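So you can see what is in the structure, the chains are spelled out below.
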Amino acid sequence: MATLIRTWLGLGALGAGLVHLAVAAGAPPATLVPLVVLGVAEVGWGVAALARLEVPVPRVALAVAVVAVVGVVAALVLNAGAMAHMGSVSAGGTVAGAPAVPMLGAALLDLGCAAALAVVVRRGRRPDTRPPGVWSYLGGVVTGAAVVAGITVASLGATPVGALAMQGMGH
Amino acid sequence: MSTTAGTARGTRFGASPNRIVATVFGVVYLLVGLIGFFWTSGVPFAGPGNGSSNLILGIFEVNPLHNVAHLLIGIALVIAGTANAAAAKSTNTTIGAVYLLLGIVGFFLAANHDSGLNFLSLNTPDHFLHLASAVVLLAVGLGADRRADTTRTAAAA
């Protein structure tokens, strides 16, 4: 099971990183830098998690995932509070100048990673005594890939440039 | 029962996730590349179609260049999948990385559907399929059949 959890962690981090990088492309400068740093870290960590036999730096990764999720939720709550105070209504909402929907998509992936990382940290460095069979492994990979691709494409479609691409489908 | 990922035994087809994935994906992409030509009559070789008649199964948008790319990728995957685990692992990783790039860059190149930048005539289901293919190929290529990789490295040394 540890093998599949590590694979899902890699896929989730890869998806979250891609969304963060895509959002960064249209974000204001103050948000752009942290998003690029987070996105690059997530993609790099995701590839390392897929390629290595153990989850890389699980405690640090858990802390980063939790901070990323809490940061998005806190920014959304603060933004909603500010909007309510001014009496205006925002259709899409933003997280520090970045569109809310893709940020929530990435946060959902980060939340999944945080939950799985909590299991990994709790489990410690015990070896995987029951590695999955070939078909169970492939079933797990395909399922994880479908979930991550679904959330990632939906999130990319909610970015300003991505919204234009989604309109292209109607041609 | 054979085990997987880090501890795959041997390179027998049924015991190698990379060979299975490469062969299955290869056959699917070959078929998609072939049947795609039934939906691309009157569509420019490289450029966006009208987005209504050039949809495989009414879902995935293609043009002749897109079909050729599917055929080449399918051939590469089938050859690697039927060869050995090390070849399948390398091919899956490489094509997975290319698809990941296409899944992201293509998404933004196709932002204006009718622009010349959308030279593969991509639509949203295409992006989903490319991204899903990328993550499956990368996950299996990077994570499974490690022993095959080690064997190849040792043989090369």
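By convention here, each chain's residues receive numbers from 1 onward along its written sequence. By the order in which they are written, chains take letters starting at A while ligands take numbers starting at 1. Reporting in this predicted model follows two pLDDT cut-offs: at least 70 for local features of residues, and 80 or more for side-chain atom pairs to be given and counted; totals over whole chains, interfaces and linings ignore these cut-offs and use all residues. Each side-chain value is worked out from all heavy atoms of the structure, with water and hydrogens disregarded.

A. Focus on the overall build of chain B. Looking only at helices and strands, one finds five helices and two strands in chain B. The N-to-C order of helical and strand elements in chain B reads α-β-β-α-α-α-α. Relative accessibility under 20% of the residue-type maximum defines a buried residue, over 50% an exposed one, and the middle range a partly exposed one, all with a 1.4 Å probe and only protein chains included. Sorting the 157 residues of chain B into buried and exposed places 55% on the buried side. Every residue pair with non-hydrogen atoms within 4.5 Å of one another is taken to be in contact. Considering only intrachain contacts with a sequence separation of at least 6, the fraction spanning at least 24 residues in chain B is 70%. Under the convention used here, a 1.4 Å probe and the Shrake-Rupley method define accessible areas, while residue burial counts only the protein chains that appear. Entry remark: accessible area of chain B is about 6,400 Å², with carbon and sulfur atoms responsible for 74%. Helix numbering and strand numbering both begin at the N terminus, where a helix is a DSSP run of H or I of at least 4 residues and a strand a DSSP run of E of at least 2.

B. The packing of helix 5 (residues 134-157) of chain A against helix 4 (residues 124-143) of chain B, seen in detail. Taken N-terminus to C-terminus, the directions of helix 5 of chain A and helix 4 of chain B make an angle of 140 degrees; their axes are 9 Å apart at the nearest point. Our classification of the angle between helix 5 of chain A and helix 4 of chain B gives oblique. In this structure, helix 5 of chain A crosses over helix 4 of chain B, and the sense of that crossing is right-handed. Taking contact as the criterion, the partners of Tyr137, Leu138, Val141, Val142, Ala145, Ala146, Ala149, Gly150, Thr152 and Val153 of chain A in helix 5 of chain A are, on helix 4 of chain B, Thr124, His127, Phe128, Leu131, Ala132, Val135, Val136, Ala139, Val140 and Gly143 of chain B. Interaxial angle, 0 to 180 degrees, is taken between N-to-C directions of lines fitted to C-alpha atoms, where a helix line uses only the stretch in contact. Angle categories are assigned with fixed cut-offs, so that under 35 degrees is roughly parallel, over 145 is roughly antiparallel, 65 to 115 is roughly perpendicular, and the rest are oblique. By definition, turning the near helix anticlockwise from the far helix through less than a right angle yields a left-handed crossing, and turning it clockwise yields a right-handed one.

C. Expanded view of a nonpolar patch on the surface. All names here are of chain A. The grouping of Leu21, Leu32, Val33, Val36, Val37 and Val40 at the surface amounts to a nonpolar patch, some 450 Å² of accessible area in total. The biggest single contributor to the nonpolar patch is helix 2 (residues 29-51), with five residues. Along the chain, the position of Val33 falls in helix 2. Residues qualify for a patch when their relative accessible area is over 30% and they have no salt bridge, like charges being joined within 9 Å and the nonpolar side chains of Val, Leu, Ile, Met, Phe, Trp and Tyr within 5 Å. Should a side-chain nitrogen of Lys or Arg be within 4 Å of a carboxyl oxygen of Asp or Glu, the pair is scored as a salt bridge.

D. A look at the side chain of His70 of chain B. All names here are of chain B. Assignment of secondary structure puts His70 in helix 2 (residues 64-83). Here His70 falls in the buried class, since its relative accessible area comes to 5%. Setting aside its immediate chain neighbours within four residues, His70 contacts Tyr29, Leu30, Val32, Gly33, Val62, Tyr99 and His130.

E. Quick look at the confidence of the model for chain A. A residue's pLDDT is the predictor's confidence in that residue, given on a scale from 0 to 100. Counting all residues, the mean pLDDT for chain A is 83, and 83% of those residues have values of 70 or more. Taking the mean pLDDT of every element in chain A, the minimum, 64, falls on helix 6 (residues 160-167) of chain A and the maximum, 92, on helix 4 (residues 100-123) of chain A.

F. Unusual backbone geometry, seen in detail. One non-glycine residue, Val57 of chain A, lies in the positive phi region at around 30 degrees. Its location among the elements puts Val57 of chain A in the loop between helix 2 and helix 3 (58-86).

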